[in-house]
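# Results of the structural survey
Chain by chain, the residues:
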Amino acid sequence: MSADGRRTIEDDRELLEEVLAEVVRSGAGDEAFDLHERTVALAKRARLGDAEAAGELGELVAGLDTDELEGLVLSLVRWFQLVNLAEDNERIRRLHARDRREAPKPRPGSLRDAVARLAAAGCSAEEVGRLLASADLRLVITAHPTEARRRTTLEKLARIFSRLRDLDERPGVPNLEQRTRRLLLETVQELWGSDELRAVSPTVIDEVRAGLVYFVSTLADEVPEVIRDLEASLEIEYGDDAPEVPAFISFGSWIGGDRDGNPNVHPDTTIETLELMRSQCLRFLERRIGVLAERISISDRSHTPDGELTALLERGGELFPQLEGRLSDLNPEEPYRRAFTFIRERVRATRRGRDGAYADPGELLSDLRAADRALRESGDSHAAAGDLRDVIRQVEIFGFHFARLDVRENSKRHRDALAEVYSQLGILDGYAEADPERRAELLAGSIADHRPLIPADISGFSDETRETIELFRAIGRALTGRHRGTIETYVISHAEQPADVLEVLLLMKEASLTRAGGEGAMLRIAPLFESGESLDAAPETIATLLDTPVYRAALESSGGLQEVMVGYSDSNKDVGYVASGWATYRAQVRVAEVLREAGLGWLFFHGRGGAVGRGGGPTNVAIMALPAGTVGARLKMTEQGEVLAAKYLTAEIAHRELELTTSAVLASDVDGDSGLSDERRERFEGVLERMAGTSADTYRELVHGDPDFVEFFQTVTPVDEISRLQLGSRPAKRSPDGGVDDLRAIPWVFSWTQARIVLPAWYGLGTALAEAEERFGLDTLVEMQREWPFFSALLSNAEMACAKADASIASLYVDLWANDKARDRIWTRVCGELELTIRKLEAVFGEERLLDREPVLQASIDRRNPYVDPLSYIQVELLRRMRSGEATDGETERLGRVSLLAVNGIAGGLRNTG
């Protein structure tokens, strides 16, 4: 306990350790937990520099049979899952303590803090109102699941977390600790006895269901609470002049719509996804409106129903006469109960496709708002401001589907399909190989032509072409049927030139998703610029499109807001961490300039992964580090993999993450790097431009220049094993015959992280910092870090990655490669760059040790290492056995299973999978 009698993280850890020990001893025997404790003790000694302990740990692991290895891995995996909950609980304690300590000042990162910063910057209530009216924050869950845990595991962990919170929130309750311990034992035993690995790879629809869990469990309730916090903050700052808060927070999904490299996503899959999203959301709304019918029991003895409420009741009676009869008997003097019961029945009819259904969310909102006005006009404003207000918000934000579904496809699929169409129709042979300008000219003419290009009967085309055409036709049916408004954006991956975008517009026209000439477009088209080359060319690509009349007409008819997606994975794999980060920054600035000059708005869509090598890092820090003038309170970003569970598994953490993201988006243009003068910004950018070039040269010289690097990567990391891990429905490679260049970002980053090298998140940075220090001076780098949020975030994220990297443990993986000469050459370079990067980061941050400025994160890594290290020893031993060729087929299968379990454990221990 702390000095003031409150629980601490050590109390939680001690309780969870005792519970886990009892569960393991009862389920697997005393020997199993004794092995766990002995292994961790050796790892702790090794961490303190005891070489003898490190050797003993290696010998211990090598002497275990497969059953013993599996039991040890499982106990370590379960420990990490529990300690993660303890750390999350401690995070909530720190937030509460900071609130108490800093009151009445707003807590940094809170919505109150964001509103105060807006006011301090001179924003009037009217200006804030305009900001909110144009604001658009959309969080998009994606079908790139690096989350290695099963859904059943997540549910059990949520229950355990709830028990821990009880101990903090209900102090003094008699026998609470004993009862909590008993409940923890029950749930942890369920966890211990459950399979951690999926038996089969999940289907796309399995992934859709898993993603929807977060909406039902936390997001649907927490988003209205976040908006309430914002409303309260505005009232504190602006009083009666406080502007209205629109429903500017929304959600998107790629799950079931992302086709790029995933052969399991078909047009029918996308429609099935929309149906499932609709069914789950309507079930949720049905329950919530049922609660309103139970709670709002105001009698007409005290208030006579007004005209709107009377009309609502009459319409309900006409639609459901039998229900009207029952309600007249049950609730004759309770008009609101009857009204909400009718509304619930209409929502149920909507879900079931029966008479009386709502045509769209707007009709449901109309009824709910009528009830809201009736309550307020009769003097019951407090009742209206409670659950009813939250349900109205939920319908405004989530509609009938919880999220809008984006569709994504690779530009090559569109090009190949149209090449076949043009060839078969005798218009042009060799379209795909034609000059890009010639293609764009032909496409613009076809878009402007009122005659259809593609025949109704497409049976004569190849399977791939038919599927591409049918995708657009399926979208058209969805958007003109029961899924209106649910698909808003079509994302084109590997978009490199204007023709890539015009191809999609032509396919839209052929499916009646736009009229000839681009008018009446029903979709936004968002090019994804991800490679270094496409990011550099992005401003020119957008400018050329804006000068193309058919595209300009489509853009303006779809709302006049150009959505541009910037990715991090491919550019990182191509040119390394620093050059990738700089390329995305520069592309945003230049694209925004093009659109601003054209008098158009924009929305940048950031394809962030969980790991630093994929754009990861703290969300609010990343938002504040975006280029000045490129956000404007509009931002769209992916949330994926382990990030979903880490942020949204529990209500308290979900609320904090939503608060941090929302406050950063609202304050980004009055904070962030907007305070830099033009002269300083230009000087800083010049330094970083040079650093990016130096870093890219260093990175490419190794990754793309060393002839043995591919074999090094494939041998010293568990990439093959990770590719077999049942992470999701998507294959590990876009092409099964491709090499590292064709490997998806998930196994690329995941593999380096597993081997404790984390190379994509820092390699090349050390050399770049050293060269910049020599040329510009350390003081300049320190100044940039302190005054330029983008540069600070770039270095901070790399610092975190370097803190999680460990050359000593990584050397165990490196020793798996028998090619001594090539191995030593490459590993010496990697170690040298890591040491240089760490030394330079410490110098710029003024630290004696990485993360001295972040003691909580530093302590977390220190606390975890003695539990992660044994898993690394075990994984290396398993790889050695599997690759030796000496195991039988059955034993190889067993070893593979334990290896995948170790992968899960290391991912959970590092809280970073890729």
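Right above here is the structure, for reference.
As a starting point, this report considers the structure included with it.

Cut-offs applied
- Residues numbered from 1 in each chain as written.
- Predicted model: local features only at pLDDT ≥ 70, side-chain atom pairs only at ≥ 80, totals over all residues.
- Heavy atoms only, no water.
- Helix = DSSP H or I, 4+ residues; strand = E, 2+ residues; numbered from the N terminus.
- Rg over C-alpha atoms; globule rule 2.2 N^0.38 Å.
- Contact = heavy atoms within 4.5 Å.
- Pairing = 2+ DSSP bridges.
- Axes fitted to C-alpha atoms, helices over the stretch in contact; angles between N-to-C directions.
- Core = buried A, V, L, I, M, F, W, Y, C linked by side-chain atoms within 4.5 Å.
- Buried < 20%, exposed > 50% of the residue type's maximum accessible area, 1.4 Å probe, protein only.
- Salt bridge = Lys/Arg side-chain N within 4 Å of Asp/Glu carboxyl O.
- Parallel < 35°, antiparallel > 145°, perpendicular 65-115°, else oblique.
- Left-handed = near helix turned anticlockwise from the far one by under 90°.
- Phe/Tyr/Trp six-rings, centres within 6.5 Å; stacked < 30°, edge-to-face > 60°.
- Lys NZ or Arg CZ within 6 Å of the ring centre and 35° of its normal.

Glancing now at the overall build of the chain. Scanning the chain from terminus to terminus reveals 37 helices and nine strands. Its C-alpha atoms give the chain a radius of gyration of 29 Å, within 12% of the compact-globule value 29 Å for 914 residues. With the principal axes as the frame, the chain shows a C-alpha extent of 85 × 80 × 60 Å. Considering only intrachain contacts with a sequence separation of at least 6, the fraction spanning at least 24 residues in the chain is 82%.

In this section: the sheet that holds strand β7 (residues 561–567). Read across the sheet, nine strands follow the order β3-β2-β1-β9-β8-β7-β6-β5-β4 without closing on themselves; strand pairing throughout is parallel. The open sheet has two edge strands, β3 (404–405) and β4 (407–410), and neither has a second partner. Bridge count for strand β1 (residues 136–141) against strand β2 (residues 249–253) is five bridges, and the pairing is parallel. The residue of β2 that forms the bridge with Leu139 is Phe251. Helix-sheet contacts for helix α20 (residues 532–546) involve β6 (524–529) and β7, and the interaxial angle to β6 is about 150°.

Attention now moves to the nonpolar core. Nonpolar side chains tend to gather and get buried jointly when the protein is soluble and globular. Core analysis: the biggest nonpolar cluster contains 272 residues, and Phe251, Phe340, Leu364, Met691 and Trp788 have the highest contact counts within it. Broken down by element, this core gets its largest block of residues, 14 residues, from helix α9 (residues 204–238). In contact with Phe251, other than residues within four places in its own chain, are Arg138, Leu139, Phe215, Leu219, Val223, Ile397, Phe398, Phe402, Ala403, Arg404 and Leu658.

Further remarks concern the environment of Phe684. As for its position among the elements, Phe684 is in helix α27 (residues 678–703). With a relative accessible area of 0%, Phe684 lands in the buried category. For the pair Phe684 and Leu781, spaced 97 residues apart in sequence, the C-alpha to C-alpha distance is 8.7 Å. Leaving out residues up to four positions away in the same chain, Phe684 has contacts with Leu676, Glu783, Met784, Glu787 and Trp788.

Consecutive side chains along a regular strand alternate between the two faces of the sheet. Most of strand β9 (residues 634–639) sits inside the fold, with six of its six residues counted as buried. Side chains Arg634, Lys636 and Thr638 project from β9 onto one buried face, and the interleaved Leu635, Met637 and Glu639 project onto a second face that is buried too. The pairing of β1 with β9 spans six bridges and is parallel. Bridged to Leu137 within β9 is Leu635. Direction of pairing for strand β8 (residues 601–607) relative to β9: parallel, over a ladder of two bridges. Bridge pairing in β9 places Phe605 opposite Lys636.

Here we come to the pattern of salt bridges. Per the stated rule, a full pass over the model turns up 88 salt bridges. Salt-bridge contacts for Arg415 lead to Asp500; the nearest nitrogen and oxygen are separated by 3.0 Å. One end of the pair, Arg415, is in helix α16 (residues 411–424); the other, Asp500, is in helix α19 (residues 498–510), and 85 residues separate them in sequence. Of the two residues examined, Arg415 and Asp500, each falls in the buried class. Among the ionic pairs, Arg439 bridges to Asp500, the shortest N-O distance being 3.5 Å. Of this pair, Arg439 sits in helix α17 (residues 436–448) while Asp500 sits in helix α19, placing them 61 residues apart in sequence. Ionic contacts of the salt-bridge type, sharing partners, join the residues Arg138, Asp406, Glu488, Arg524, Glu563 and Lys636 into one network.

Another aspect to go through is the pairing of β2. Judged by how many residues are buried, β2 sits mostly within the fold: five of five residues are covered. Along β2, one buried face is formed by Ile249, Phe251 and Ser253 and the opposite face, lined by Ser250 and Gly252, is buried too. Strand direction decides the pairing type here: β2 and β3, joined by two bridges, are parallel. By the bridge assignment, Ser253 is partnered in β3 with Leu405.

We now examine the packing of α16 against α19. The N-to-C vectors of α16 and α19 enclose an angle of 60°; their axes lie 9 Å apart at closest approach. The angle between the axes of α16 and α19 places the two elements in the oblique class. Seen along the crossing, α16 lies across α19 with a hand that is left-handed. Across the interface between the two elements, Ser411, His414, Arg415, Leu418 and Tyr422 of α16 pack against Asp500, Glu503, Val504, Leu506 and Leu507 of α19.

Moving on, we come to the packing of aromatic side chains. One pass over the structure, following the stated rule, counts 25 aromatic pairs. Between Phe215 and Phe402 the ring centres are 5.2 Å apart and the planes differ by 15°, which places this aromatic pair in the stacked class. One end of the pair, Phe215, is in helix α9; the other, Phe402, is in the loop between α15 (381–398) and β3, with 187 residues separating them in the sequence. On the accessibility criterion, Phe215 (1% relative accessible area) is buried. Consider the rings of Phe684 and Trp788, whose centres lie 6.1 Å apart with planes at 25°: the pair is stacked. Placement of Phe684 in helix α27 and of Trp788 in the loop between α32 (778–787) and α33 (789–804) is noted, with a sequence separation of 104 residues between them. The same class applies to Phe684 as to Trp788, namely buried. Within the aromatic cluster, the residues linked to one another by ring pairs are Trp582, Tyr585, Phe684, Trp788, Phe790 and Phe791. For the cation-ring pair, Arg346 lies above Tyr358, with the distance from its terminal atom to the ring centre recorded as 4.0 Å. Above the face of the Phe605 ring, Lys636 is positioned so that its terminal group lies 4.5 Å from the ring centre.

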